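Here are the chains, one letter per residue:
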Amino acid sequence: MKTLLKVNKLRTLVLATSILTIAAPTGFAQGRRGGGGEGRSSSSSSSSRSSSSSSSSRTGSSSSSTGDSNSSSSSRRGNSDSRRTQSRRNDSNRVSRDGQSSDRSSSSSNSDSRNWSRGRDRDRDRRRERDRDKDRDRDRDRDRDRDSGRHHDRDRDRDRDRDRDRDRDRDRHRNRIYESTRVYNSSNYGSYRYSSDAYERGYRDGLFTGANDGRRDQNYDPERSHFYKHGDSGFFSIFGARDSYRQAYRDGFLRGYQEGFQNWQRYFLGGSFHR
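Residues numbered from 1 in each chain as written. Predicted model: local features only at pLDDT ≥ 70, side-chain atom pairs only at ≥ 80, totals over all residues. Heavy atoms only, no water.

### Considerations on the packing of helix α3 (residues 195-215) against helix α5 (residues 242-262)
Two packed helices can be described by the angle between their axes and the distance between those axes. Inclusion rule: Helix axes are fitted only over the stretch in contact, all axes being lines through C-alpha atoms; the angle between N-to-C directions runs from 0 to 180 degrees. Helix and strand assignments follow DSSP, with helices taken as H or I runs no shorter than four residues and strands as E runs no shorter than two, numbered in order from the N terminus. Two helices cross in a left-handed way if the nearer one is turned anticlockwise from the farther one by less than a right angle. They cross in a right-handed way if the turn is clockwise. Each residue receives one of three labels: charged for Asp, Glu, Lys and Arg, nonpolar for Ala, Val, Leu, Ile, Met, Phe, Trp, Tyr, Cys and Pro, and polar for the others, Gly being one of them.
Packing of α3 against α5 leaves a shortest axis separation of 5 Å and a crossing angle of 35°. Note on packing geometry: the crossing formed by α3 with α5 is right-handed. Classifying every residue of the contact of α3 with α5 by side-chain character gives 11 nonpolar, 9 polar and 6 charged.

Structure, rendered in structure tokens:
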């Protein structure tokens, strides 16, 4: 009995399944044509599920797009921040370089100022040294002039004393020579016939020597001359005895020397001797 009931239920279930299987396509067709509430409901449900799926998809896409947009915005903000950070770093580096450049410029300016100050100090020291040298030179010139003046006065006094002594010596020698000077006389030389030639030759040499000594402010000293010492200037063998010639020559030399020494201005005209 129980088995029969089970079989009947199974048949009923198979039949219902068959009916549902046959009725499902018909309802689906009615739903497509606008018929049947159940088809429409199924379609609406399917459409709702599709719309919900689409909405979910759009929501997901929108969420994804929003996420991507947020990610992109975050990336742009990160890049912007990175650029601002790099810009600030560049500005800091530029400020640092400007500061270093300013420091170098300031250091260079300070160095130039110190060099200019040292150069100015050196120039001032050189000017001071030149001024001191000028003062020393001026003092040395003044001392030299003063010494020169003293030397000049001393030399002038010495020259005056020498002139005075020379005048005294001249007067003394002049007086002595005047007494010993002879005027020519042939009897003074015996029979020596060339005595006049010897006397005349000695007189000419003595006149030149005396005038020259007087012009040079020499002392009156005829015996200083080599003409007087040798006494035979102009002697030839035909003149005979040398000693007689020498005596007459020296007498003439003394006489001529005296005349030339006393009157040297008369015989030296224009720096040349004229008799």
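### A word on a nonpolar patch on the surface
Filter applied, for reference: Exposure above 30% relative accessible area and the lack of any salt bridge qualify a residue for a patch; like charges then connect within 9 Å, and the nonpolar side chains Val, Leu, Ile, Met, Phe, Trp and Tyr within 5 Å. Under the convention used here, a 1.4 Å probe and the Shrake-Rupley method define accessible areas, while residue burial counts only the protein chains that appear. Each salt bridge in this description consists of a side-chain nitrogen of Lys or Arg and a carboxyl oxygen of Asp or Glu lying within 4 Å of one another. Exposure categories follow from relative accessible area, calculated using a 1.4 Å probe and restricted to protein chains: below 20% of the type maximum is buried, above 50% is exposed, and the middle band is partly exposed.
On the surface, a cluster of nonpolar side chains totalling about 300 Å² of accessible area is made up of Leu10, Leu13 and Val14. By relative accessible area, Leu10 is classed as exposed at 53%.

### Topic: the pattern of salt bridges
Going through the model one piece at a time under the given rule, you end up with 22 salt bridges. The salt bridge partner of Arg132 is Glu129, with a shortest N-O separation of 2.5 Å. Taken together, the positions of Arg132 and Glu129, both in helix α2 (residues 37-180) and 3 residues apart, correspond to about one turn of that helix. According to the relative accessible area criterion, Glu129 is partly exposed, its value standing at 33%. The closest approach of N and O atoms between Asp243 and Arg246, which form a salt bridge, is 3.2 Å. Placement of the pair is Asp243 and Arg246 together in helix α5, with a separation of 3 residues, close to one helical turn. For Arg246, a relative accessible area of 19% corresponds to the buried category. Each of the salt bridges in this network shares a partner with another, and the network as a whole consists of Glu129, Arg132, Asp133 and Arg136.

### Observations concerning a positive patch on the surface
Let me state the cut-off plainly: For the charge count, each Lys or Arg is scored as positive and each Asp or Glu as negative, with His and the chain ends excluded. Charge positions come from single atoms, namely NZ of Lys, CZ of Arg, CG of Asp or CD of Glu.
There is a patch of like positive charges on the surface, built from Arg127, Arg128, Arg130 and Lys134. If you trace the backbone, Lys134 turns up in helix α2.

### Section: the packing of aromatic side chains
What describes a pair of aromatic rings is the distance from one ring centre to the other and the angle between the planes of the rings. Cut-off, in case you're wondering: Centres within 6.5 Å are what make two rings of Phe, Tyr or Trp a pair, Trp counting through its six-membered ring; a difference in plane orientation under 30 degrees is then read as stacked, over 60 as edge-to-face, and the rest as tilted. Charge-over-ring placement is defined geometrically: NZ (Lys) or CZ (Arg) within 6 Å of the ring centre, and within 35 degrees of the ring normal.
Throughout the structure, instances matching the rule amount to 20 aromatic pairs. Aromatic side chains Tyr220 and Phe261 sit 4.9 Å apart centroid to centroid with 90° between the ring planes, which places their arrangement in the edge-to-face category. Residue Tyr220 is located in the loop between α3 and α4 (226-230), and its partner Phe261 is located in helix α5; the two are separated by 41 residues in the primary sequence. Take Tyr220 and Phe261: they sit in the same class, and that class is buried. The aromatic ring of Phe268 is capped on one face by Arg215, whose charged end is 4.6 Å from the ring centroid.

### Comments concerning the nonpolar core
Counted only if it meets this: Put simply, a nonpolar core is a bunch of buried Ala, Val, Leu, Ile, Met, Phe, Trp, Tyr and Cys residues held in one set by side-chain atoms that sit within 4.5 Å of each other. We call two residues contacting when some pair of their heavy atoms lies within 4.5 Å.
Residues Tyr192, Phe239 and Tyr245 are the most contacted members of the largest nonpolar core, which totals 16 residues. Among the elements of the structure, α3 and α5 are those that each provide at least two residues to this core. A per-element tally of this core places α5 first, with 7 residues. Apart from the residues lying within four places of it in its own chain, the contact partners of Tyr245 are Tyr192, Ala198, Arg201, Gly231, Asp232, Ser233, Gly234, Phe235 and Phe239. In terms of nonpolar packing, the next biggest core, distinct from the first, is built from 5 residues, Tyr203, Leu207, Tyr267 and Phe268 among them.

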